[in-house]
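As a plain string of letters, each chain reads:
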Amino acid sequence: MNELRAVMKDMMVEKRDIYLSVLFGFLAGITAVALFASSGYLISKAALLPPIYTLSLMIAFLKIMGFARAFGRYLERLYSHRATFTMLSELRVNFYEKLEPLAPTIFQKYKSGDLLSRIVGDIDRLQNFFLRVYYPPIVLGFIFLATIFFTVFYSVTVAILLLVGLFVTGFLLPAWFAYKQRRIETRLREERGSLSSEVTEFLYGFMDLKLYQQLGTKKKELEQASARYIDEQEKEGKMATYHQSMNSMVTLLVSWLVIAFGAYLVSNNELDGVFLAMLIMISLTVFENAVPMALVPAHFEDSRRAAKRLHEVVQDEPVKVEPTKSLPVNKPFSLTMKSVSFAFPGEERTSLENVDLHIPAGSKTAIIGASGSGKSTLFQLLLKFYNPTSGTILYDEISQDAYSQEDIWARTNVVQQENHYFYGSLRDNLLLAKERATDEELHEVLEQVHMQDFDLNQTILEKGDNLSGGEKQRLAIARALLKKERLWLLDEPTSSLDAVTEQAVYEHVFHQAKDDTLILISHRLTGLEYMDQIIVFDQGEIVESGSYQELLNLEGYFYRMKQIEKEVLV
Amino acid sequence: MNVLKQHAKKQKATRSLLIVSSLLLGITVIAQALFFVSIVDQIFLKGASFESIIPDLIGLLFVLVARSALTYWNGRAGVKMASRVKEYFRSQLVYKFSKNPLQTSMEGQSGQKVSTVLDAVDEIDGYFSQYIPQVIQTSIVPVMILVVVSMEHIYSGIIMMITAPFIPLFYIIIGIMTKKKSEEQLDKMAVFSGRFLDTLQGLSTLKLFGRSRQQKELIEKSSLDFRDSTMEVLKIAFVSSLMLELISMLSIGLIALEVGLRLVLFQSITFSTAFFVLILAPEFYLFLKNLGQAFHTGRGSMGAAQKIAEALNTEDREVEWGDTSLGRMDVPPHIQLQNVHFAYDAEGFALNGIQAEIPPYSQTAIVGKSGSGKTTLLHVLAGLLPLSQGSVYVDGLARCDLKEEQWFDTVSYISQNPFLFSGTIAENIAVGKKGEVSRESVEQAAIKAGIAPLVESLENGYDTIVGEGGRGLSGGEKQRVAIARAFLKQPSIILFDEPTTGLDLQTEQILQSSIQELSQSATIITVAHRLHTIKHADQILYMDHGEIVQKGTHLELEENNPFYRAMVKTQQGGMAK
Ligand SMILES: Nc1ncnc2c1ncn2[C@@H]1O[C@H](COP(=O)(O)OP(=O)(O)OP(=O)(O)O)[C@@H](O)[C@H]1O
Ligand SMILES: Nc1ncnc2c1ncn2[C@@H]1O[C@H](COP(=O)(O)OP(=O)(O)OP(=O)(O)O)[C@@H](O)[C@H]1O
Ligand SMILES: [Mg+2]
Ligand SMILES: [Mg+2]
């Protein structure tokens, strides 16, 4: 319920359209009742041979009601749907907005296919909440009140029957359906989510599946997921028809009671026979509005689940700390870590343990260490993607807490171990780093990374699938070169490059970073002699640090690595 | 021409049942009117007693219940029919995707494809759950009503006959618009999905570049686009039901007028006839109107079917396979590439005139600058890309004559960026081998890949969930999980695309000795930048611009190839300052 309350709050933004929907809905409903009531009355009256003018009056009335009903229905639909779909599109944007700060942690909890299913499918389902749960009962209430009020003038019994009928079809039956609905667990939303993630994974992992001939197996799994989803849909569909038919049968039964009682009253002269046809017509028409009430519980339950699925993703909003400081612009700054320890959320093992380091402004630092020793994690912390479990991180001797994430990101040139490329042109993918870069600038950086042959208009496929491994890395470096900030965080930026290209690229990077603070994670030990400082990580701890020569003299980890390298490189 | 129609035709049994139940429904509709009229007539005009109408009341009750039951049955049949067809289309799509050649699989946005598989297929539902049952009902019930009304009072029948055709005419006009608009709507939906999924994948990148705001605007825009296109479709639907409503209103009014005049002025018909006609007339138009709405839904489904058909009918260049078997499976085959050409598309990068021999148990290294076509050559060797010229011979047989399955059974390929599936570490390693895989062999493979110590240090060990929705791994750890797949499979040909990038020297040593062990029973082809991986190769293929410019051993190349020499030098010499 809580989840839906949030949705309802969003809905009230479209207040005007909601009122109009109710108004026109009522108009359409009540004119329909009037229309059929008058036609019933008309025909009975006609049988009694009244003066012709009464007849023409009645027919004129009939026509007006007919038009009013048609237009009322049209306007109701227009306003209600316009409001609904505007709301849905706002909900989508809201969802994305709340999701965005949760990256990258969110992917350890949810699969992207599932998130896609939530933002598309679940939000789409919420349309029923407004269109079928929220305002139709209000409209129904008004129509019945008006009708019953009118009927009282002719027959109190019939009025009571209508009231009872309303109670049964509008409340009792739906409540019973709701009760039943609660007990059987529908997994429609979940099944859709799992199908969506299966399909997404199938597409993303296509090449590996093909190579290992697992496409068949995966396809079967997908088909099973699809079958489960369709099963749920079918169950839901059947249930809906069942409820609707049940409710419609009850409404017909009420009409039957109206005719039976009406006939009884007429035969006992307690009711003028000329009204009998009219009352029947009223009852038949007014209950048409009650039939959809059968689906209210199902839609309510469904919307609730959808809202819950949306809510659960974005509920833990990160605590926003107001930044009190901003990083120096166009000036290198120093980085310091004081006994920093860190474990990923939900992990027992620490990925960093008691890390102390100081990186002076404008210095060049290399970080080496075994795979999984915490090098990339260190970068994640420096970038404030995560906060340390204990210890402090300082920029220019001021705690990281004082700076906003956005500020830190804006001041760093980052090359991650894996970089993302968006579906679009090469130009768009580069412009990401510098919005207003001219084509000349772009050509220049492309040349620096030895990709001058590339056309800026070339399409880049999703995830850079049509680029070679080294080209992807070089583009990431090109972005960093474009950004021109004074802190460089490079996570194995050239691991897939051949040595010659690598060297050429590094030349440009180090040239541009001459006075900047630069941290480079690398597995290659050659060339490190030029770095100011080398920090060696092992199992989350710093085991050695110092200049190239100092480390060699130490005859520790670095020295051993160097020995291995010598053996293989001779 | 219309795929959906063909599917509807196939569902013969359901259709016949729908016809029968529609006939019955028609009877209940007419009977209901008869009972109503008879009761009112007796009570109101004939002054009959209540007892005398009791049989009529009971009959009416029966008819009302029957009518509800039939409506239920019709709805249910439609729902079931829809399920079958949706299942069919979805597996067609998945089948198509699974048969796609590698290149096609990269094209377009994944989110868009997901949207086709989910949303477009779901959209088909309406055609079967609503449109078909309604078409059958509307082609039966109104005709029955028309006949009965005409028998009772021919003039009302004539009015119905004249006015009714306007309704179908109208929805044919509307329908044409609907189909186009709903295709647009699905397109917008797909664009939104594509953009969202791509954004999601690159969220960290976007944040680092401070672009998630702009991306939000893009998302907002495609979300609003989707809303607008939805509203366009709906507006057509609303206008069409408004028009249908007006037409039927006018017609009912006309009938009421005619009946009323005859009743009052000419007294040429009885009250019961008049009332009967007046009750049936709205029913008549109601069925026609409902068809109008169902027609709209059906058209939307056809738009979706069109989208699905487009996805199913793309022409692709596929890798050719035959059904010859290799003679021996226990020994690695002899591989020969003869004048192999391949191009991704008309212009752009191409492999040209590749000639190479790869004897069994040999170790081949492919080297060259970044972008020179090493990975592409490996893809070609693996049989992932179609050749445009030349052939690959396996033990003297053209590979395009071999069975696809058998070929892939003999090769393992560790790609440059292997994908981790969402699942346990054990499952991710087990992907390497078809069929049942024992836990023991998974652990063995993990040890050889040098990932075992990490896995064992985890709380849940091999059952730790990784990939999306699971624990994160470091770059090198992911790579090693993928390498373990190859060790599990123990194939006779192994293709490695830079297996040791991102690994430290120590881990690499472990790996190298495992690869050495594998090489006892397999041919190994490695793309490598690192000198020490290359040095011991039996032959080195040096690539440049999509061609093999030189072949030979390390010493030979070092002697003859200045570029190769430079490469070696730089690796030994070090990094620029
Ligand atoms: N998202 C995560 N959740 C939990 N543990 C993680 C996550 N990412 C990494 N780890 C673990 O933290 C440790 C350090 O990982 P990190 O990515 O920093 O390694 P690395 O030094 O960069 O290694 P590599 O050279 O392989 O990239 C590893 O043991 C890894 O398994
Ligand atoms: N799917 C594709 N569609 C079109 N062009 C592609 C595709 N994949 C790669 N290319 C292009 O083909 C060329 C060769 O790429 P390939 O991946 O074979 O290079 P590589 O030698 O493996 O380089 P690296 O060492 O950087 O991985 C590159 O210029 C790349 O842009
Ligand atoms: Mg790393
Ligand atoms: Mg490559």
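Source: prediction; values computed, not measured.

1. Description of helix H16 (residues 439–448) of chain A
Residues and elements named next belong to chain A. Within the span of H16, buried status applies to Leu-442, Val-445, Leu-446 and Gln-448. Buried residues in H16, looked at end-on, bunch into an arc of 160 degrees, giving them a common side. Facing away from the buried surface of H16 by more than 90 degrees, the exposed residues are Glu-440 and Glu-447. In this structure, the buried side of H16 is in contact with helix H15 (426–431), helix H17 (469–483) and helix H18 (499–512). His-450 sits one or two positions beyond H16 and adopts a positive phi of about 60 degrees.

2. Brief notes about the coordination of the magnesium ion (ligand 4)
Thr-375 of chain B (OG1) and Gln-416 of chain B (OE1) make up the full set of protein donors to the magnesium ion (ligand 4), lying at 1.9 to 2.4 Å. Of this pair, Thr-375 of chain B sits in helix H11 (residues 374–382) while Gln-416 of chain B sits in the loop between strand E6 (411–414) and strand E7 (423–424), and the two are 41 residues apart along the sequence.

3. A closer look at the packing of helix H2 (residues 12–45) of chain B against helix H10 (residues 271–312) of chain B
All names here are of chain B. Between H2 and H10, the least distance of the axes is 9 Å, while the angle of their chain directions is 150 degrees. Looking at the two axes, H2 sits roughly antiparallel to H10. As for the relative orientation of H2 and H10, their crossing is right-handed in sense. Of H10, the residues touching H2 (which contributes Leu-25, Val-29, Ile-30, Gln-32, Ala-33, Leu-34, Phe-36, Val-37, Val-40, Asp-41, Phe-44 and Leu-45) are Phe-271, Ser-272, Phe-275, Phe-276, Ile-279, Leu-280, Glu-283 and Phe-287. Tallied by class, the residues present in the contact of H2 with H10 amount to 16 nonpolar, two polar and two charged.

4. A closer look at the coordination of the magnesium ion (ligand 3)
Residues and elements named next belong to chain A. Those donors, Ser-376 (OG) and Gln-417 (OE1), are the protein atoms that reach the magnesium ion (ligand 3), and they lie 1.9 to 2.2 Å from it. Residue Ser-376 is located in helix H13 (residues 375–382), and its partner Gln-417 is located in the loop between strand E6 (412–415) and strand E7 (424–425); the two are separated by 41 residues in the primary sequence. According to the relative accessible area criterion, Ser-376 is partly exposed, its value standing at 23%.

5. With respect to unusual backbone geometry
The phi torsion at Ser-339 of chain A lies on the positive side, around 30 degrees, for a residue other than glycine. Relative to the helices and strands, Ser-339 of chain A resides in strand E1 (residues 335–342). Given the relative accessible area of 32%, Ser-339 of chain A is considered partly exposed. Here His-545 of chain B, not a glycine, exhibits a phi torsion of approximately 45 degrees, which is positive. With respect to the helices and strands, the residue His-545 of chain B is situated in the loop between strand E11 (539–544) and strand E12 (547–552).

6. Examining the site of ligand 1
Among the 23 residues in the neighbourhood of ligand 1, the closest are listed as Arg-349, Ser-376 and Thr-377 of chain A together with Ser-474 and Glu-477 of chain B. Those chains with residues close to ligand 1 are chains A and B. Interatomic distance of 3.0 Å between a backbone N/O atom of Gly-374 of chain A and an oxygen atom of ligand 1. A distance of 2.7 Å separates an oxygen atom of ligand 1 from a polar atom in the backbone of Gly-476 of chain B. Contact with the protein chains hides 96% of the accessible area of ligand 1, taken as 630 Å² for the molecule alone. Elements represented by at least two residues in the shell around ligand 1 include exactly H13 of chain A together with helix H16 (475–489) of chain B. A per-class count over the shell around ligand 1 returns three nonpolar, 14 polar and six charged.

7. What about the UniProt feature "transmembrane region" (unreviewed entry) in chain A?
In the numbering adopted here, UniProt assigns the feature "transmembrane region" (unreviewed entry) to residues 18–40, 52–72, 133–154, 160–179, 248–267 and 273–300 of chain A. When the span residues 18–40 of chain A is considered, its composition is 100% helix and 0% strand, and the gap between its end C-alpha atoms is 33 Å.

8. Comments concerning the domain arrangement of chain B
Each assigned domain of chain B is listed here: domain 1 (1–145 + 298–316) and domain 2 (335–569). Each of domain 1 of chain B and domain 2 of chain B has a C-alpha centre, and these two points are 54 Å apart.

9. Some remarks on the site of ligand 2
Lining the immediate environment of ligand 2, one finds 21 residues, of which Ser-468, Gly-470 and Glu-471 of chain A together with Thr-375 and Thr-376 of chain B sit closest. A distance of 2.5 Å separates an oxygen atom of ligand 2 from a polar side-chain atom of Thr-375 of chain B. Relative to its free-state accessible area of 630 Å², ligand 2 is covered by the protein chains to the extent of 90%. If you list the elements that add at least two residues to the shell around ligand 2, you get H17 of chain A together with H11 of chain B. Considered class by class, the residues forming the shell around ligand 2 number three nonpolar, 13 polar and five charged.

10. Quick notes on the interface of chain B and chain A
By convention, interface size is frequently given as the accessible area that disappears when the constituent parts associate. Contacts between chain B and chain A engage 177 residues on the former and 162 residues on the latter. Surface buried jointly by chain B and chain A totals about 15,200 Å² across both partners, of which 68% is contributed by carbon and sulfur atoms. Seen at the junction of chain B and chain A, the total is nine salt bridges. In this structure, Glu-435 of chain A engages Arg-211 of chain B in a salt bridge whose closest nitrogen and oxygen atoms are separated by 3.9 Å. Our count for the contact surface shared by chain B and chain A stands at 42 residue pairs in polar contact (both at pLDDT 80 or more). Here the residues of the side of chain B that touches chain A are counted per class, giving 79 nonpolar, 60 polar and 38 charged.

Rules used in this analysis
Every chain is numbered independently, its residues counted from 1 as its sequence is written. Throughout, the order in which chains and ligands are written sets their labels, letters from A for the former and numbers from 1 for the latter. Local features in this predicted model are restricted to residues of pLDDT 70 or higher, and side-chain atom pairs are both shown and tallied only at a pLDDT of 80 or more, whereas totals for entire chains, interfaces and linings draw on every residue. Excluded from the side-chain calculations are hydrogens and water; all other atoms, namely the structure's heavy atoms, are used. Using a 1.4 Å probe on the protein chains alone, a residue whose accessible area is under 20% of its type maximum counts as buried, one over 50% counts as exposed, and one in between counts as partly exposed. Helix and strand assignments follow DSSP, with helices taken as H or I runs no shorter than four residues and strands as E runs no shorter than two, numbered in order from the N terminus. Taken from the helix axis, the directions to the C-beta atoms give the arc we talk about. Whether two residues are in contact is decided by their heavy atoms: any pair within 4.5 Å suffices. Metal coordination here is assigned from N, O and S atoms located within 2.8 Å of the ion, or within 3.2 Å for Na, K and Ca; omission of water means that sites may look incomplete. A fitted line through C-alpha atoms represents every axis, and for helices the fit uses only the stretch in contact; the resulting angles, taken between N-to-C directions, go from 0 to 180 degrees. Here roughly perpendicular refers to angles of 65 to 115 degrees, roughly parallel to angles under 35, roughly antiparallel to angles over 145, and oblique to all remaining angles. Definitions for this section: a left-handed crossing has its near helix turned counterclockwise from the far helix by less than a right angle. A right-handed crossing has that turn clockwise. Under the scheme applied, nonpolar residues are Ala, Val, Leu, Ile, Met, Phe, Trp, Tyr, Cys and Pro; charged residues are Asp, Glu, Lys and Arg; polar residues are all the others, including Gly. We call a residue near a given molecule or strand whenever any one of its heavy atoms falls within 4 Å of it. Pairs of N or O atoms are called polar contacts if they sit within 3.5 Å, as long as, within protein, a hydrogen donor faces a hydrogen acceptor (for residues adjacent in sequence, only side-chain-to-side-chain pairs). Per-residue and other accessible areas follow the Shrake-Rupley method at a 1.4 Å probe size, with only the shown protein chains counted as cover for residues. UniProt positions are given in the numbering used here, feature names are shortened, and annotations may be inferred rather than shown by experiment. Here the limits of each domain have been adopted from an automatic or database domain assignment. Accessible area that two parts lose when put together, with a 1.4 Å probe and added across both, is what the buried area reports. One side-chain nitrogen of Lys or Arg within 4 Å of one carboxyl oxygen of Asp or Glu is enough to make a salt bridge.

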